[in-house]
Amino acid sequence: MKKSVLFLALTLFSFTITFSQNAVTIKKISSKGDPIFFFPHIGCSSEMWKEVAENLASKNSIYLVDLAGFNGSEPIQDNFTATYLTEVVNYINKNKLKRITFIGQNYGAFLAYQVANSIPKKTKAFIGSDFYPKLSMILGNPDQEKLNQFITSLRDMTVKTDETTFTNNQKQIALSMNFIDTTYVNKFVAWQKKSDRNTLAETLVEQLKGDLIPMFEKNEIPTLVFNTWYFAKNYKKMELSEAEPMMQSMFPNAQNVTHKVTEEAKDFIANDQPEWFVTEVNQFLKDK
């Protein structure tokens, strides 16, 4: 896989078409087959998808989406998710794209699914990594008062923290939660440090307040969701056989959803296990 990555990097990344508006920048890096759009997690660059994107580029047109306020790009002021969504859809309609697969990591998946759901006739599939339709479920489904308290603390910790503490916090998150492959840790921290603090906080707040469960109860889009069992295995000693019921509970009454669970990756599954991730994506798209 690494040899193919190197070859594709030399050939594909010499061809790049960039589209930029106020809220999104979209880089087209190949023009073969059906389109695949990649969306990053909060504060991250689309570079997080580079290896996976290159390995899917031989049979697909690849579009890397970067979001305003992340990784040094100029921020917008409010309505982040809705504005990102509108500009991506406008780009798709302007370029008359169809049979699109949308792939996103966590917040990127939260955004990507809403894009897909808004244009179902143009959508081939949706693939989410480390993704839940209602993120507040991870906090134990707090009532509104407790959720508001958490959001206040989150905003303070993100926006008001001094630079050294913020950097240390981001490195700790990357090491403990995000990556087994530590080559990404410094990249992740650099992306976060260059991001607008308000954007980091408010995109996560929008995700925490969001609830896509009703959309999934009516979902007609072929959907593949990757999640990790690494933490359940190592810290709670839970068997992998318990994963599927847990995933089903996070997607109650969902239609057309397939779950893939790994014990060998932390939250950034595509970065820790790119070969397995690409294999599963290719098989899913072939089947669908």
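Here the structure is shown first, and the text comes after it.
This report concerns the structure included in the present document. Since the model is a prediction, treat every value here as computed from it, not as a measurement.

Calculation notes
Residues numbered from 1 in each chain as written. Predicted model: local features only at pLDDT ≥ 70, side-chain atom pairs only at ≥ 80, totals over all residues. Heavy atoms only, no water. Salt bridge = Lys/Arg side-chain N within 4 Å of Asp/Glu carboxyl O. Helix = DSSP H or I, 4+ residues; strand = E, 2+ residues; numbered from the N terminus. Buried < 20%, exposed > 50% of the residue type's maximum accessible area, 1.4 Å probe, protein only. Pairing = 2+ DSSP bridges. Right-handed = clockwise from strand over helix to strand, strands pointing away. Axes fitted to C-alpha atoms, helices over the stretch in contact; angles between N-to-C directions. Parallel < 35°, antiparallel > 145°, perpendicular 65-115°, else oblique. Contact = heavy atoms within 4.5 Å. Nonpolar A, V, L, I, M, F, W, Y, C, P; charged D, E, K, R; others polar. Polar contact = N/O pair within 3.5 Å; in protein donor to acceptor, adjacent residues only side chain to side chain. Left-handed = near helix turned anticlockwise from the far one by under 90°. Core = buried A, V, L, I, M, F, W, Y, C linked by side-chain atoms within 4.5 Å.

### Section: the pattern of salt bridges
Reasoning step 1: Enumeration according to the criterion identifies seven salt bridges in this entry.
Reasoning step 2: The partner of Lys 124 in a salt bridge is Asp 34, with the nearest N and O atoms 3.3 Å apart. Of this pair, Lys 124 sits in strand β6 (residues 123-129) while Asp 34 sits in the loop between β2 (24-28) and β3 (35-39), placing them 90 residues apart in sequence.
Reasoning step 3: According to the relative accessible area criterion, Asp 34 is partly exposed, its value standing at 22%.
Reasoning step 4: Ionic pairing is found between Lys 160 and Asp 156, a salt bridge with its closest N-O pair at 3.4 Å.
Reasoning step 5: Taken together, the shared-partner salt bridges in this structure form one network comprising Asp 34, Arg 99 and Lys 124.

### Some points on the pairing of β6
Reasoning step 1: When you tally the buried positions in β6, you get seven out of seven residues, the bulk of the element.
Reasoning step 2: Sheet topology note: the strand β5 (residues 100-105)/β6 ladder contains six bridges and is parallel. When the sheet's bridge partners are listed, Ile 100 is paired in β6 with Thr 123.
Reasoning step 3: This β-α-β element, β5 to helix α4 (residues 107-118) to β6, shows right-handed connectivity.

### Some thoughts on the packing of helix α3 (residues 80-94) against helix α8 (residues 197-209)
Reasoning step 1: Running from N to C, α3 and α8 cross one another at 90°; their axes reach a closest spacing of 9 Å. With respect to α8, the axis of α3 lies roughly perpendicular. Contacts between α3 and α8 involve Phe 80, Thr 81 and Tyr 84 on the former and, on the latter, Asn 198, Thr 199, Glu 202, Thr 203 and Glu 206.
Reasoning step 2: Residues belonging to the contact of α3 with α8 are distributed by class as follows: two nonpolar, four polar and two charged.

### What to know about the environment of Ser 30
Reasoning step 1: You can see Ser 30 is positioned in the loop between β2 and β3.
Reasoning step 2: What makes Ser 30 buried here is its relative accessible area of 2%.
Reasoning step 3: Placed 30 residues apart in sequence, Ser 30 and Asn 60 show a C-alpha to C-alpha distance of 7.3 Å.
Reasoning step 4: Separated by 2.8 Å, the side chain of Ser 30 and the backbone oxygen of Asn 60 make a polar contact.
Reasoning step 5: A polar contact is formed between the side chain of Ser 30 and the backbone nitrogen of Ile 62, at a distance of 3.2 Å.

### Considerations on the packing of helix α6 (residues 163-178) against helix α7 (residues 185-194)
Each pair of packed helices can be described by the angle between their axes along with the distance between the axes.
Reasoning step 1: Packing of α6 against α7 leaves a shortest axis separation of 9 Å and a crossing angle of 140°. Accordingly, the angle class assigned to the pair α6 and α7 is oblique. The handedness of the crossing between α6 and α7 is right-handed. On α7, the residues touching Glu 163, Phe 166, Thr 167, Gln 170, Lys 171, Ala 174, Leu 175 and Asn 178 of α6 are Val 185, Phe 188, Val 189, Gln 192 and Lys 193.

### Observations concerning the nonpolar core
Reasoning step 1: Ranked by internal contacts, the top residues of the largest apolar core, which has 45 residues, are Phe 37, Tyr 84, Ile 92, Phe 102, Val 115, Phe 126 and Phe 131.
Reasoning step 2: Among the secondary structure elements, those contributing two or more residues to this core are β2, β3, β4 (61-67), α3, β5, α4 and α9 (213-217).
Reasoning step 3: With eight residues, the single largest contributor to this core is α4.
Reasoning step 4: Excluding anything up to four places from it in sequence, Phe 37 contacts Ile 26, Tyr 63, Val 65, Val 88, Tyr 91, Ile 92, Leu 97, Ile 100, Thr 101, Phe 102 and Ile 103.
Reasoning step 5: Cys 44, Ala 57, Val 185 and Ile 269 belong to the second largest nonpolar core, which has 32 residues in total.

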